[in-house]
Amino acid sequence: SNNNGLLSGEANDVVCTNDGALWIATYAGLYRYNGSDFQYMNSFDTIKNANDLYIDEEGRLWIGTNDDGLSLYINNEITNTLNSDSGLPSNSVRSIVRHADGNYYVGTSESLAIVTISGGLKIIKIIPQIQYASDLAADASGHIAAVTSSGDLFLMQGEKITDQINSLDGNVYHTSCFFDHTGNLYVGTDQSEVKVYSVVDDMLKLDHVISLKNM
């Protein structure tokens, strides 16, 4: 905490890179922990704070910041950045996930962006219907699930929205999402429960609910 080494007492995200190092995103910046020491990565001009971290299959570290957009860290340096000047809907990045086709879906405090690294880091499409995607998940079949800050749940197949569950419709606020290896979607709610969906014909089908109230 800020009592013993972190400038910010709040850790927003933690990931582990292939070299075994832990990376900690905080509002005060980015930290790297090698097993014994914390290193404050204050040499990166584009990362003065960090919200969300993502490790892709090649071991690259994606860094979503609160007000400096998106940065890509490879081989001990920041190799690419995206921000509002280069088309990102907002400089506040809230979530990142890789699609089965190799593109990346980036949730910002405004619209959802689809990003490619082929030929350089660039935006290929904006999904304006999905605002403030606070959590994203991807399966092996090309589906993307998104939970927004307003508690809505979206399902996409590629760039197309195929299903949506509004928080107001069911009086349930969705908080997080995760696909398991079989393709089932687990969705956390504010009702102390996890809803488990299967995806049938690109639509969400509720299979069962896991209650956490007595745990």
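All values derive from a computational prediction rather than experimental measurement.

A.B. asks: Could you clarify how one ought to interpret the layout of surface pockets in this entry?
C.D. replies: Over the atoms rolls a probe the size of a water molecule, and its path tells where empty space is left. Considering only enclosed or pocket space, the largest pocket measures out at about 530 Å³ in volume. In terms of lining, the largest pocket is formed by 30 residues, of which the most central are Tyr54, Val97, Leu136, Ala137 and Ala138. Looking at the lining of the largest pocket residue by residue, the classes come out as 13 nonpolar, ten polar and seven charged. When its volume is computed, the second largest pocket comes out at roughly 190 Å³. Around the second largest pocket, the lining is made up of 13 residues, and of these Thr17, Asp19, Gly59, Tyr73 and Asn75 lie nearest the centre.

A.B. asks: Please clarify how the environment of Gly35 should be interpreted in this entry.
C.D. replies: Tracing the sequence through the fold places Gly35 in the loop between β3 (29-33) and β4 (38-40). For Gly35, a relative accessible area of 52% corresponds to the exposed category. For the pair formed by Gly35 and Gly20, sequence separation is 15 residues and the distance between their alpha carbons is 8.3 Å.

Rules of the game
- Residues numbered from 1 in each chain as written.
- Predicted model: local features only at pLDDT ≥ 70, side-chain atom pairs only at ≥ 80, totals over all residues.
- Heavy atoms only, no water.
- 1 Å grid on protein atoms, 1.4 Å probe; cavity = no way out; pocket = protein on both sides within 12 Å on 5 of 7 lines; lining within 4 Å.
- Points joined across faces, edges and corners; volume = space filled by probe spheres on them.
- Nonpolar A, V, L, I, M, F, W, Y, C, P; charged D, E, K, R; others polar.
- Helix = DSSP H or I, 4+ residues; strand = E, 2+ residues; numbered from the N terminus.
- Buried < 20%, exposed > 50% of the residue type's maximum accessible area, 1.4 Å probe, protein only.

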